[in-house]
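Per-entry structural report
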Amino acid sequence: MRCGDFRETYAEDMALFETAFARRMMIAFIALMVALPWLASGFWLDIALRVLIAVIAAVGLNILTGFTGQISLGNAAFLAVGAYATAVLAGRWNLPFPLVIPAAGLITALVGMVFGVPSLRLKGLYLAVATLAAHFVIEFGISHWESVTGGVNGISIPSPKAGPLVLANDRQLYFLALPVAASLLLFARNLFRTKVGKAFVAIRDQDISSEVMGVNVFRYKLLSFAVSSFYVGVAGSLLAYQARIISPENFPISLAIDQLGMIIIGGLGSILGSVFGAVFITMLPELLRLVTSALSSTFPELTTLFASVKMGVFGLAIVLFLIFEPDGMAARWHTIKNYWKLYPFSY
Amino acid sequence: MEFFLQLLISGLVIGSIYALVGLGFVIIYKSSSILNFAQGEFLMLGAYVCVAIVGTHKVPFLAAFAITLCFSALLGVLMERLLLRPMIGEPVISVIMLTLGLSSVLKAVVQGIWGTDTRPYPEIFPTTPVMIGPLPVSQGYLYSVASVLVLLGLFSVFFKYSRAGIAMRATAFSQQVALSMGISVKHIFALAWSIAAVVSAVGGVLLGGIRGGVDGAFALFGLKVIPVVILGGLDSVLGAIVGGLVMGVLENLSGGYLDPLLGGGVKEVAPFIALVAILSIKPYGLFGKVKIERV
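First, a word on scope: everything that follows refers to the structure included in this document.

1. Examining the interface of chain B and chain A
At the interface, 47 residues of chain B touch 39 residues of chain A. For the pair chain B and chain A, the summed buried area comes to about 3,600 Å², and 81% of that belongs to carbon and sulfur atoms. Taken together, chain B and chain A are joined by zero salt bridges. Inspection of the region where chain B meets chain A yields one residue pair in polar contact (both at pLDDT 80 or more). Of all the secondary-structure elements, those providing two or more residues to the side of chain B that touches chain A are α3 (61–84), α4 (92–114), α9 (221–232) and α11 (266–281) of chain B. Here the side of chain B that touches chain A gets 15 residues from one element, more than from any other, and that element is α4(B). Taken together, the residues of the side of chain B that touches chain A break down into 32 nonpolar, eleven polar and four charged.

If you want it as structure tokens, here you go:
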């Protein structure tokens, strides 16, 4: 029986998985995710795909907001940049998806860096408002640059293809999104074991002290914007491939708020938390829809009120989480895990 | 020239309502360092409550207005007590998110009770326009600007001379010092929230009177007021007034002159472009206090 968590080497201390059990659980989980398309119906597969996309975007936002401390309300606009880049690269230029997805990420990273420049002088709330401005400027640009983006009418995206390979349906798209999400998650997890990741965290905790200690604050802030926007751009690219047709209406400011909700409910500064939050916020409306359709025979007015019920429950979930579990689901998960790790002798 | 004057006047009217809602922002920010993203919902809720009281209970408008103000004051106190007090000491982003969550709850409540259709407003202001020089101006505009000016004046006096106002300024300056001087910081926060809710409700009712109806789009005011308070500086009452008027005029002029050239939507984005330009020159707004940071 385990009676403590002992680490004897630095390698053990740095290990991705704390225990062999955790590694086995992860392998089992990955196997389950790979098997999902055969287990789930089309409805749930669609949700699973959206969850994967949300996970990538939420991890991206968490790198910027949770790990580097730069509050961003511009995430919906960055998603839009990734999605529209995909529409142009794949739709107009007929590029294969292995090129389109990273290119969409890089373009979004560039745009993100441009809007990250004000972070040199702005902090906290003022920066949040500057990113809010970025949202409105990008939205204006997209809906007015009609020759490229199709304006408010939207633009359609062909199925992702590479040579003879065409990913025509949700199931095939899932097998594109899953490895992309998994590798990006792994990269993010490793990023915070490197110098760059530590610099991000140092800037979040105290930017002046970190500058005194030799961290180039502006450079790393911009880098954080770039990495974060790259993730969001990749998510936007997959989102465009899934949606097949996109218009500026797909990227309202409430989408940015949803994503902030994900990382706050999940846990700021936690990769696992971003995953939890993305799953929770994406599933919440679907679960609500199931509940309302089950109750619609007894309360027929519920279906007409669905939009407001959804909004209310979303807001309430965020408010209650912030009040009762301010560190998010990831913190609660660690509490539970630590309790069971040394059960029954958890002293 | 006449086109310009018309844009200018409607800009000043909208700007004065921005200033009023901005005042609510600033009061909350000054006393508790919270940026309240639910301010637009306070405005919408105030407008709806007033029209509901007038419509369903056949109460005269002024009485309904008074009841709305009491309701808003109570709402503000409740918000502070139930939601904001547990958040003391949490990071900025959590508090921002809390107000964003609160805003979707309030929106949902309003939609659940009153639906999403536009509700017509009772005629508060006489409809015959008044001539100012060559230009006919609707009386609603004049009443709005006048009441906003009166309110802003009252608040300036309140902050300058009344005990509660001075206590609020003390709290904004330093919570610790205020506490040691016997000021109840909790009461100050509650007061700030109820004042913010009340001024927003006044703004909502005025706006409803000007537009002749109230709908969910009123909540967008909360977002539009953000450039206003940032322009003026988050902790300056004067800044909110100047910022409100400037942004109202800027928005209307850019919308009026640039919309035909660029194809619509300039009105929404112009304040934000101005905002970024201002922030890159003056990071704390025009009148905001520059924070000196120490490790």
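2. Details of a nonpolar patch on the surface
Residue and element names in this part refer to chain A. Where nonpolar side chains cluster on the molecular surface, the patch consists of Met-26, Phe-29, Ile-30, Leu-32, Val-34, Trp-38, Leu-39 and Phe-175 and spans about 800 Å² of accessible area. Residue contributions to the nonpolar patch peak at seven residues, all from helix α2 (residues 20–39). Among the structural elements, Ile-30 can be located in helix α2.

3. Side note on the pattern of salt bridges
All names here are of chain A. If you walk through the whole model with that rule in mind, you get eight salt bridges over all chains. For the salt bridge of Arg-289 with Glu-286, the shortest nitrogen-to-oxygen distance reads 3.4 Å. Placement of both Arg-289 and Glu-286 in helix α13 (residues 271–295) is noted, with a separation of three residues, approximately one turn of the helix. Take Arg-289: its relative accessible area is 39%, and that puts it in the partly exposed class. Among the residues examined, Glu-286 registers a relative accessible area of 4% and is labelled buried. Between Glu-325 and Arg-332 there is a salt bridge; the shortest N-O distance is 2.8 Å.

4. Describing the nonpolar core
Residue and element names in this part refer to chain A. Counting 186 residues, the largest nonpolar core has Ile-63 and Ile-246 as its most contacted members. The leading source of residues in this core is helix α3 (residues 42–67), at 16 residues. Setting aside its immediate chain neighbours within four residues, Ile-246 contacts Ala-83, Tyr-84, Ala-87, Gly-154, Ile-155, Ile-157, Ala-240 and Phe-251.

Criteria and cut-off values
- Residues numbered from 1 in each chain as written.
- Chains lettered and ligands numbered in written order.
- Predicted model: local features only at pLDDT ≥ 70, side-chain atom pairs only at ≥ 80, totals over all residues.
- Heavy atoms only, no water.
- Contact = heavy atoms within 4.5 Å.
- Buried area = accessible area lost by both parts, 1.4 Å probe.
- Salt bridge = Lys/Arg side-chain N within 4 Å of Asp/Glu carboxyl O.
- Polar contact = N/O pair within 3.5 Å; in protein donor to acceptor, adjacent residues only side chain to side chain.
- Helix = DSSP H or I, 4+ residues; strand = E, 2+ residues; numbered from the N terminus.
- Nonpolar A, V, L, I, M, F, W, Y, C, P; charged D, E, K, R; others polar.
- Patch = residues over 30% accessible without salt bridge, like charges linked within 9 Å, V, L, I, M, F, W, Y side chains within 5 Å.
- Areas by Shrake-Rupley, 256 points an atom, 1.4 Å probe, with all protein chains shown as cover.
- Buried < 20%, exposed > 50% of the residue type's maximum accessible area, 1.4 Å probe, protein only.
- Core = buried A, V, L, I, M, F, W, Y, C linked by side-chain atoms within 4.5 Å.

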